[in-house]
Every structure is written in structure tokens, then in C-alpha cells.
Amino acid sequence: QEALAETGESVWTYLARHAKGDWGEVDAEDAAANDEALRDGSRLLSAYTLTLSAWRNVVINSSITVGGTGTLALKYAQQGNAGTSGNGDYVVNAPVNLASTAHFTTTYGNNGVADNYTILTTQADLQGMQWNGSQPYALGSNVTASGNWSPIGNNISTYEGLFAGLGHTVSDISITSGDYVGMFG
């Protein structure tokens, strides 16, 4: 609710949309399940986008949780004329919790292209980064590693994408050998 208040939105806006059958960004399977739910009284799912936009910096000072297939979109450095970008960034001072099925995007500048992040919530998700060295990734929760860790990338195949911690940590990484030691090799 605090994130909604910062944007001038109200939870009642989204409840009204939901009540009118506007379920936001749900996939075809969830839309069909919602149609069935109207007939049998089972659960309804809504998923909306929360956009935080600023002329310069988007600063997150309160925890945000995005569940289901909801989206958090950060648009920063939006000042300037069309086609130009100003100075700005996004700053995370409180955890941004994202379900593995949620969406997270960032856009730099008023004409920028959105970076669509893959959400990581498990050690297996983190290790999967090795197969796509340019994809943007974001931690949706704290991750505790176990077993031996294989660093992401090496001197030949480096990770060159964006990595957003979003107020989360990766802990208990154990590397027993190798030339490239650390989370990223």
C-alpha cells in the first residue's frame, strides 16, 4: 500500500477494476480460469502493473511485494526533451520481493527501451544464468546456496548482463577450487 500511496494510486482503484472484470495482465489460462470462477464461485486472479516513474531517481524506501504475474516497472531519468535522457538511476533501500512468475522492468530515459529481467528465487535459477550471459536478472528473494558453487562465467564466457539485487542477498556460496572464484567468474 505504501508503494501505491507514493504513486498517488489507491488500492480501491485496483479493486474496482477487479470487480468490473478487468483482471489486468493475466495470461489466457488465468483468464479462462477467471471466467469459470464467475460461474462456480472459485478464486479470481488479478495482476496489474505498478509503475514508479521519476524525472531523476526512483527511490524505494519501503518494501514492495509483487506476486503472481504482476509487474513492477521502474522508469527513471525521465526528464529532457523527446529522445533525450537526463541523469538518474533507481535506488533500492528496502527489499523488492518478486514471485518467480512476476515481471520486473527498468527504463532509463524518456525514450529508453525497457530492460525485462528474469526473476531469480532459487540457487538453481542463479546457476541457470550461466547459459545466457547477456540477459538482465533480478533477485526476487534472498537465496541461500548449498553444495559447491560454479561461478557464473569465466575469462572466456563472461556475464555481461544487468544484475539487480533489489535488497536481497546470496549467502553461503562455497567454492572449493578453480581459477575463477566468486559468484561471477
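Calculation rules
- Residues numbered from 1 in each chain as written.
- Predicted model: local features only at pLDDT ≥ 70, side-chain atom pairs only at ≥ 80, totals over all residues.
- Heavy atoms only, no water.
- Phe/Tyr/Trp six-rings, centres within 6.5 Å; stacked < 30°, edge-to-face > 60°.
- Helix = DSSP H or I, 4+ residues; strand = E, 2+ residues; numbered from the N terminus.
- Buried < 20%, exposed > 50% of the residue type's maximum accessible area, 1.4 Å probe, protein only.
- Core = buried A, V, L, I, M, F, W, Y, C linked by side-chain atoms within 4.5 Å.
- Contact = heavy atoms within 4.5 Å.
- Pairing = 2+ DSSP bridges.

K.L.:
For the packing of aromatic side chains, give the residues involved together with the corresponding values.
P.N.:
Within this structure, the stated rule accounts for five aromatic pairs. Arranged with centres 4.8 Å apart and planes meeting at 55°, the rings of phenylalanine 104 and tyrosine 117 form a pair that is tilted. A residue pair is termed long-range when its members are at least 10 positions apart, and phenylalanine 104 in strand β7 (residues 103-108) and tyrosine 117 in strand β8 (residues 115-120) qualify at 13 residues. Across the pair, exposure class does not vary: phenylalanine 104 and tyrosine 117 are buried alike. Each residue in the set Tyr76, Tyr90, Phe104, Tyr108 and Tyr117 is aromatic and connected to the rest through ring pairs, giving one cluster.

K.L.:
Give me the nonpolar core: which residues, what numbers.
P.N.:
Grouped together as the largest cluster of nonpolar side chains are 21 residues, with contacts concentrated most on Tyr90 and Phe104. Listed by contribution, the elements that provide at least two residues to this core are β1 (49-53), β2 (58-60), β3 (64-66), β4 (71-76), β6 (96-98) and β8. Residue contributions to this core peak at three residues, all from β4. Aside from chain neighbours lying at most four places away, what touches tyrosine 90 is Val58, Leu74, Tyr76, Phe104, Thr106, Tyr117, Ala164 and Leu166. Counting eleven residues, the second largest nonpolar core, distinct from the first, contains Leu120, Met129, Trp149 and Ile152.

K.L.:
How would you explain the sheet that holds β1 if you had to name every residue and give the values?
P.N.:
Reading across the sheet, the six strands line up as β1-β4-β7-β8-β9-β11 and stay open at both edges, with mixed pairing between neighbours. Looking at the sheet topology across the chains shown, the edges are occupied by β1 and β11 (163-164). Bridge analysis of β8 against strand β9 (residues 137-139) gives three bridges, and the strand direction is parallel. Residue isoleucine 119 lies in a different strand from β9, and its bridge partner there is alanine 138.

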